[in-house]
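Structure assessment
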Amino acid sequence: MTTPSGQPALADNRLETLRCSYEQQVIEKARHTVRVAAYVLASSVAERRADQELIEAHVRGQGWNLALTSFWDFGQAPVITERTGFGEASRYAVQGFAHGIVAIGRPAITTDNVVYEELLHFLGTRGVFLTFLPASD
């Protein structure tokens, strides 16, 4: 919910700017083609497959490579720090197997601005970016 001062909207813009900044920094430092790991939060296997296909198409369109391993969590996932699939994706990328993690949209990660900012800094300072499909995908 947005307050009359527009604070949540400003926070979202600031966080998107931060996310894009880390993405740009990591891509500029990549020595070869950018490689990303897919992360999907889905309620069913069919939804996971559909989201994975959308992510794969987006990654190809960006000229990036998809990592050999993809990650997912099913159902109503707990907070992001307690998700097995996202934790594995983060470790995979931080260990150097991917430059970034791509998900369908920010709600698949978290809607909590404080947690999201911490996550962006955690990944970004380790040379990993987090990105999402454009709304039109």
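For the structure itself, consult the block above.
All of these numbers come straight from a predicted model, not from anything done at the bench. (Residues numbered from 1 in each chain as written. Predicted model: local features only at pLDDT ≥ 70, side-chain atom pairs only at ≥ 80, totals over all residues. Heavy atoms only, no water.)

Within the chain, the regular secondary structure consists of four helices and five strands. Listed N to C, the secondary structure of the chain is α-β-α-β-β-α-β-α-β in terms of helices and strands. Taken over the C-alpha trace, the chain has a radius of gyration of 15 Å; the compact-globule value for 137 residues is 14 Å, and the two agree within 12%. A principal-axis box enclosing the C-alpha atoms of the chain has dimensions of 45 × 35 × 30 Å. (Helix = DSSP H or I, 4+ residues; strand = E, 2+ residues; numbered from the N terminus. Rg over C-alpha atoms; globule rule 2.2 N^0.38 Å.)

Below, the discussion takes up helix α2 (residues 45–62). Between the first and last C-alpha of α2 there are 26 Å, a value that for 18 residues agrees with the 26 Å anticipated at 1.5 Å per step. Contacts from the buried residues of α2 go to β1 (35–42), β2 (65–66), β3 (71–74), β4 (100–103) and β5 (129–132). Once α2 finishes, Gly63 follows within two positions and takes phi at roughly 80°, a positive value. (Expected span 1.5 Å × (residues − 1). Contact = heavy atoms within 4.5 Å.)

The next thing to look at is the pairing of β1. By the criterion of burial, β1 is predominantly enclosed, with six of the eight residues buried. Where β1 and β2 come together, two bridges link them in parallel fashion. From the neighbouring strand, Arg35 faces β2, where its bridge partner is Asn65. Strand direction decides the pairing type here: β1 and β4, joined by three bridges, are parallel. Bridge pairing links Ala38 to Val102 in β4. Pairing of β1 with β3, which is carried by four bridges, proceeds in the parallel orientation. (Buried < 20%, exposed > 50% of the residue type's maximum accessible area, 1.4 Å probe, protein only. Pairing = 2+ DSSP bridges.)

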